[in-house]
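An overview of the molecular structure
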Amino acid sequence: DAGVIQSPRHEVTEMGQEVTLRCKPISGHDYLFWYRQTMMRGLELLIYFNNNVPIDDSGMPEDRFSAKMPNASFSTLKIQPSEPRDSAVYFCASSTGTTQYFGPGTRLTVL
Amino acid sequence: GQQVMQIPQYQHVQEGEDFTTYCNSSTTLSNIQWYKQRPGGHPVFLIQLVKSGEVKKQKRLTFQFGEAKKNSSLHITATQTTDVGTYFCAKSGGSNYKLTFGKGTLLTVNP
């Protein structure tokens, strides 16, 4: 089992650019979660999906953030336009129940 | 949203000393989970506690759930350098699989 796969692992971009983060959950997992981790705010849930349907997006900071899950094996988190305060590590996690399995994360730096 | 509070925020110990981190909630929890994140890594599930007063052990790690199900603790006996990392508790939303994480306790171990 390859685990949760995220790409890219590192992203450096300039303010105003569009950023797309990608996630492939563990096969058979019907829940997918996007988190953001910073020193100041800790680990925050942004949005989660069940069977490809967004269930709770109350953690999405603002309209610049959007997430999609077109099928059971792929999800994207998009930031447009990006801002320096978006710099963080973004984790994707998947589950079939209460235990969540995290991907390695994408470290995003917005200059 | 309702948070879980973790203390201490940081703990530095000498190798061989014991370590304890505490997780507290103002409301009754349906369950509590514990995760470990190594430096530069991603959160990894350790355990879930469900029953009032439950105690579970994993080698040198002992997890407890309070009688009132409002607090939990993780105790490590005779720490080793491999125990270094941030330990998070997380509460679930009950009927759904959304998790709310505490801010974590960063453990460093001096060899």
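Bear in mind that the values here come from a model prediction, so they are computed numbers and not experimental data. Counting restarts for each chain: residues are numbered from 1 in the order of the written sequence. Chain letters start at A and ligand numbers start at 1, both assigned in the order the entries are written. Totals for whole chains, interfaces and linings use every residue, but because this is a predicted model, local features are given only for residues with pLDDT of at least 70 and side-chain atom pairs only at 80 or more, for both listing and counting. Only hydrogens and water are set aside when side-chain values are computed; all heavy atoms of the structure are taken into account.

**So, the packing of aromatic side chains**
Any Phe, Tyr or Trp ring, taking Trp's six-membered ring, that has another such ring centre within 6.5 Å forms a pair; planes under 30 degrees apart are called stacked, those over 60 apart edge-to-face, and the others tilted. Per the stated rule, a full pass over the model turns up 14 aromatic pairs over all chains. Judged by centre distance (5.2 Å) and plane angle (35°), the ring pair of Tyr35(A) and Phe102(A) falls under tilted. Here Phe102(A) lies in strand β10 (residues 101-102) and Tyr35(A) lies in strand β4 (residues 31-38), a separation of 67 residues in the sequence. Tyr35(A) gets classed as buried once you look at its relative accessible area, which sits at 0%. Only protein chains enter the accessibility calculation, which uses a 1.4 Å probe; a residue whose area is less than 20% of its type maximum is buried, one above 50% is exposed, and one in between is partly exposed. Classification of Phe102(A) by relative accessible area gives buried; the value is 5%. A ring pair is formed by Tyr35(B) and Phe45(B), whose centres lie 5.6 Å apart and whose planes are at 75°; its orientation type is edge-to-face. The numbering of helices and of strands both runs from the N terminus, where a helix is a DSSP run of H or I of at least 4 residues and a strand a run of E of at least 2.

**Quick look at the sheet that holds strand β6 (residues 55-58) of chain B**
Residues and elements named next belong to chain B. Across the sheet, which stays open at both edges, the five strands sit in the order β1-β3-β8-β7-β6 with antiparallel pairing between neighbours. Each edge of the open sheet is held by one strand with a lone partner, namely β1 (5-7) and β6. When the angles between neighbouring strand axes are averaged without regard to direction, this sheet yields 15°. Pairs of strands are assigned from DSSP output, requiring at least two bridges between the strands. By the bridge criterion, four bridges tie β6 to strand β7 (residues 61-65) in an arrangement that is antiparallel. Within the sheet, the bridge partner assigned to Lys56 lies in β7 and is Phe63. Fitted lines through C-alpha atoms serve as axes, helices being fitted only where they are in contact, and the angles separating the N-to-C directions of these axes extend from 0 to 180 degrees.

**Overview of the interface of chain B and chain A**
Should any heavy atoms of two residues lie within 4.5 Å, those residues are counted as being in contact. Of the residues lining the interface, 15 residues belong to chain B; the matching set on chain A comes to 21 residues. When chain B packs against chain A, the two sides together hide about 1500 Å² of surface, and 58% of this comes from carbon and sulfur. Among the residues chain B hides against chain A, the three largest losses belong to Tyr97(B), Lys98(B) and Phe101(B). Together they make up 39% of the total. Think of a salt bridge as a Lys or Arg side-chain nitrogen and an Asp or Glu carboxyl oxygen that are within 4 Å of each other. Taken together, the links from chain B to chain A amount to one salt bridge. Where Lys98(B) meets Asp56(A), a salt bridge forms, and the shortest distance between an N and an O atom there is 2.8 Å. We define a polar contact as two N or O atoms separated by no more than 3.5 Å, with the added condition that, inside protein, one atom must be a possible hydrogen donor and the other a possible acceptor, whereas residues neighbouring each other in sequence contribute only through side-chain atom pairs. Inspection of the chain B/chain A interface yields six residue pairs in polar contact (both at pLDDT 80 or more). At the level of elements, β4 (32-37), β5 (44-49) and β10 (99-101) of chain B are the ones that each hand at least two residues to the side of chain B that touches chain A. In terms of residue count, β4(B) provides more of the side of chain B that touches chain A than any other element does, three residues in total. Residues are sorted three ways: Asp, Glu, Lys and Arg are charged, Ala, Val, Leu, Ile, Met, Phe, Trp, Tyr, Cys and Pro are nonpolar, and all the rest, Gly among them, are polar. Broken down by class, the residue content of the side of chain B that touches chain A amounts to seven nonpolar, six polar and two charged. Summed over both partners, buried area is the accessible surface (1.4 Å probe) that two parts give up on being assembled.

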